[in-house]
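Report on the structure
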Number of protein chains: 2
Amino acid sequence: MIDLKSLIRNIPDFPKEGIGFKDITTLLKNGPAFQIAVNALCKPYRNQKVDVVVGIESRGFIFGGAMAVELAAGFVPVRKPGKLPAATLREEYKLEYGTDAVEIHRDAIQKGMKVLLTDDLLATGGTAAATIRLIKKLEGEVIGVAFLIELSFLKGREKIPDVPIHTLIDFAQE
Amino acid sequence: MIDLKSLIRNIPDFPKEGIGFKDITTLLKNGPAFQIAVNALCKPYRNQKVDVVVGIESRGFIFGGAMAVELAAGFVPVRKPGKLPAATLREEYKLEYGTDAVEIHRDAIQKGMKVLLTDDLLATGGTAAATIRLIKKLEGEVIGVAFLIELSFLKGREKIPDVPIHTLIDFAQE
């Protein structure tokens with residue numbers, strides 16, 4: 001069995017000093033490891049109906065596209081402001097300093113659709129929580145959120161209280 | 001049979017006046033159509049060994065991740081400058097005004113690896129040509145390039161003369 005966690009590379013001081021960046025490219029490029037990760041991310045949802053997988057720009061697109069194929073679902077991108085070309089909804093979320101926002105196409109999800117959300121990393125949970133608000137505004141049903149990595153010391157789960165969370169790799173301290 | 005082309009939405013004047021943007025989100029969100037597109041994109045490569053699929057930021061990540069699962073390969077991201085955290089190679093390409101650049105991790109591809117490149121759209125071919133130069137610098141073998149859409153009136157194929165090109169949907173005029 002491949003140890004997925006050992007394939008994550010730590011990059012000190014990226015994108016700025018004092019931050020240890022979890023580089024997933026060392027896992028992605030490894031074919032067997034990538035297959036195992038996508039399979040494991042999909043496992044809780046295999047016996048459920050999934051209409052669309054929502055992936056958050058831009059590393060969430062990699063797993064989102066892969067999981068949509070694996071689960072025979074559609075794919076919906078959630079992007080930074082100004083990137084989606086048609087009519088959008090926007091949700092802001094707090095950063096350490098200031099705010100950022102995510103957008104979804106207004107026609108991306110129909111009422112009652114079963115939606116699975118994915119991203120590479122659960123950190124403070126702000127982006128995922130904002131994305132869940134977008135999905136709920138469109139009256140989609142969020143059946144779960146799947147992350148490759150969780151930085152549990154940042155307590156991101158507390159920002160996503162109402163949705164089952166599935167993660168593969170935990171870093172319990174910085 | 002689903003007509004994939006009919007699922008592409010044209011957005012006039014995006015991202016700027018005079019440009020007709022091909023919006024693929026209307027195809028992506030349609031589960032059966034997304035499965036058919038990913039399958040058709042992979043078809044020429046099913047009987048070949050593919051070590052990694054290279055996807056170009058950021059819509060190329062969606063198909064790249066999906067195709068890597070479908071072909072049991074690894075995935076390698078090519079990104080805008082400054083986004084990849086470890087040591088990179090960079091290639092510039094010309095825009096209408098000025099230049100842009102793409103980067104790849106230096107350790108992303110080993111000598112002799114079979115590499116499949118993908119992106120959502122072949123327009124002028126500048127980004128794909130620059131990405132092929134990156135792969136060749138790392139001594140990877142580009143076995144093919146697959147695009148969901150080709151804007152053949154822009155003659156992007158002329159910038160990629162040495163590599164087999166596979167596209168699913170053509171727009172022959174603006």
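Above this note sits the structure.
When helices and strands are tallied, chain A shows four helices and nine strands. Counting from the amino terminus, helix and strand elements in chain A follow one another as β-β-α-α-β-α-β-β-β-β-α-β-β. Against the globule reference of 16 Å for 174 residues, chain A gives a C-alpha radius of gyration of 16 Å, in line with a compact fold. For chain A, the spread of C-alpha atoms along the three principal axes comes to 40 × 40 × 30 Å. Buried positions account for 56% of the 174 residues belonging to chain A. Counting contacts in chain A only where the partners sit at least 6 residues apart, residues at least 24 apart contribute 57% of the total. Accessible surface, chain A: about 7,700 Å² in total, of which carbon and sulfur atoms supply 50%. Each charge class in chain A was averaged separately, 23 positive and 22 negative side chains, and the resulting centres sit 2 Å apart.

For an interface, size is often stated in terms of accessible area lost upon the parts coming together. Listed by partner, the interface residues are 41 residues for chain A and 40 residues for chain B. Interface area for chain A against chain B, summed over the two sides, is near 2,900 Å², with a carbon-plus-sulfur share of 61%. When the buried area of chain A at its contact with chain B is split by residue, Lys-29, Val-69 and Pro-85 of chain A rank highest and sum to 21% of it. A salt bridge links Asp-107 of chain B to Lys-29 of chain A; the shortest N-O distance between them is 3.9 Å. At the junction of chain A and chain B, the tally comes to 16 residue pairs in polar contact (both at pLDDT 80 or more). Of all the secondary-structure elements, those providing two or more residues to the side of chain A that touches chain B are β1 (9-12), β2 (20-23), α1 (25-28), α2 (31-42), α3 (59-70) and β4 (74-78) of chain A. Here the residues of the side of chain A that touches chain B are counted per class, giving 21 nonpolar, 11 polar and nine charged.

With 12 residues, α2 of chain A ought to run about 16 Å at 1.5 Å a step, and its terminal C-alpha atoms sit 17 Å apart, in line with that. Along α2 of chain A, the positions that sit buried rather than exposed are Gly-31, Ala-33, Phe-34, Gln-35, Ala-37, Val-38, Leu-41 and Cys-42 of chain A. Looking at the buried residues of α2 of chain A, the elements they touch are α1, α3, β8 (141-151) and β9 (165-171) of chain A together with α3 (59-70) and β4 (74-78) of chain B.

Here the focus is the packing of aromatic side chains. A full pass over the atoms with the stated rule returns six aromatic pairs over all chains. The interplanar angle of 50 degrees and the centroid separation of 5.7 Å between the aromatic rings of Phe-34 of chain A and Phe-63 of chain A together place this pair among those described as tilted. Of this pair, Phe-34 of chain A sits in helix α2 while Phe-63 of chain A is found in helix α3, placing the two residues 29 residues apart along the sequence. Considered together, Phe-34 of chain A and Phe-63 of chain A belong to a single accessibility category, that of buried residues. Ring geometry for Phe-61 of chain B versus Phe-75 of chain B: centroids 5.8 Å apart, planes at 85 degrees, classification edge-to-face. Highlighted residues: Phe-61 of chain B in helix α3 and Phe-75 of chain B in strand β4, separated in sequence by 14 residues. The same class applies to Phe-61 of chain B and to Phe-75 of chain B, which are both buried. Its guanidinium or amino end placed over the ring of Phe-171 of chain B, Lys-22 of chain B lies 4.2 Å from that ring's centre, counting from NZ or CZ.

Evaluated as defined, the whole model comprises 30 salt bridges over all chains. With a shortest N-O distance of 2.7 Å, Arg-9 of chain A and Asp-107 of chain B are connected by a salt bridge. Within this pair, whereas Arg-9 of chain A is found in strand β1, its partner Asp-107 of chain B is found in the loop between β6 (99-105) and β7 (114-122), the two belonging to separate chains. Here the salt bridges share partners, and the residues they tie into one network are Arg-9, Asp-23 and Lys-29 of chain A together with Asp-107 of chain B.

The next thing to look at is the sheet that holds β8 of chain A. Residues and elements named next belong to chain A. Pairing is parallel across the open sheet formed by five strands, whose spatial order is β4-β3-β7-β8-β9. Two strands close off the open sheet at either side, each with one partner strand: β4 and β9. Each neighbouring strand pair of the sheet contributes to a mean axis angle of 20 degrees, computed without reference to strand direction. Relative to β9, β8 runs parallel, the two sharing six bridges. Directly across from Ala-146, in β9, lies its bridge partner His-166. Seen against the sheet, α2 touches β8 and β9 and runs at an angle of roughly 135 degrees to β9.

By the definition in use, this model includes zero disulfides over all chains. For Cys-42 of chain A, which is in no disulfide, the shortest distance to another cysteine sulfur is to Cys-42 of chain B and amounts to 16 Å.

What counts, and at which threshold
Residues numbered from 1 in each chain as written. Chains lettered and ligands numbered in written order. Predicted model: local features only at pLDDT ≥ 70, side-chain atom pairs only at ≥ 80, totals over all residues. Heavy atoms only, no water. Helix = DSSP H or I, 4+ residues; strand = E, 2+ residues; numbered from the N terminus. Rg over C-alpha atoms; globule rule 2.2 N^0.38 Å. Buried < 20%, exposed > 50% of the residue type's maximum accessible area, 1.4 Å probe, protein only. Contact = heavy atoms within 4.5 Å. Areas by Shrake-Rupley, 256 points an atom, 1.4 Å probe, with all protein chains shown as cover. Lys, Arg positive; Asp, Glu negative; His and termini not counted. Charge placed at Lys NZ, Arg CZ, Asp CG, Glu CD. Buried area = accessible area lost by both parts, 1.4 Å probe. Salt bridge = Lys/Arg side-chain N within 4 Å of Asp/Glu carboxyl O. Polar contact = N/O pair within 3.5 Å; in protein donor to acceptor, adjacent residues only side chain to side chain. Nonpolar A, V, L, I, M, F, W, Y, C, P; charged D, E, K, R; others polar. Expected span 1.5 Å × (residues − 1). Phe/Tyr/Trp six-rings, centres within 6.5 Å; stacked < 30°, edge-to-face > 60°. Lys NZ or Arg CZ within 6 Å of the ring centre and 35° of its normal. Pairing = 2+ DSSP bridges. Axes fitted to C-alpha atoms, helices over the stretch in contact; angles between N-to-C directions. Disulfide = S-S within 2.5 Å.

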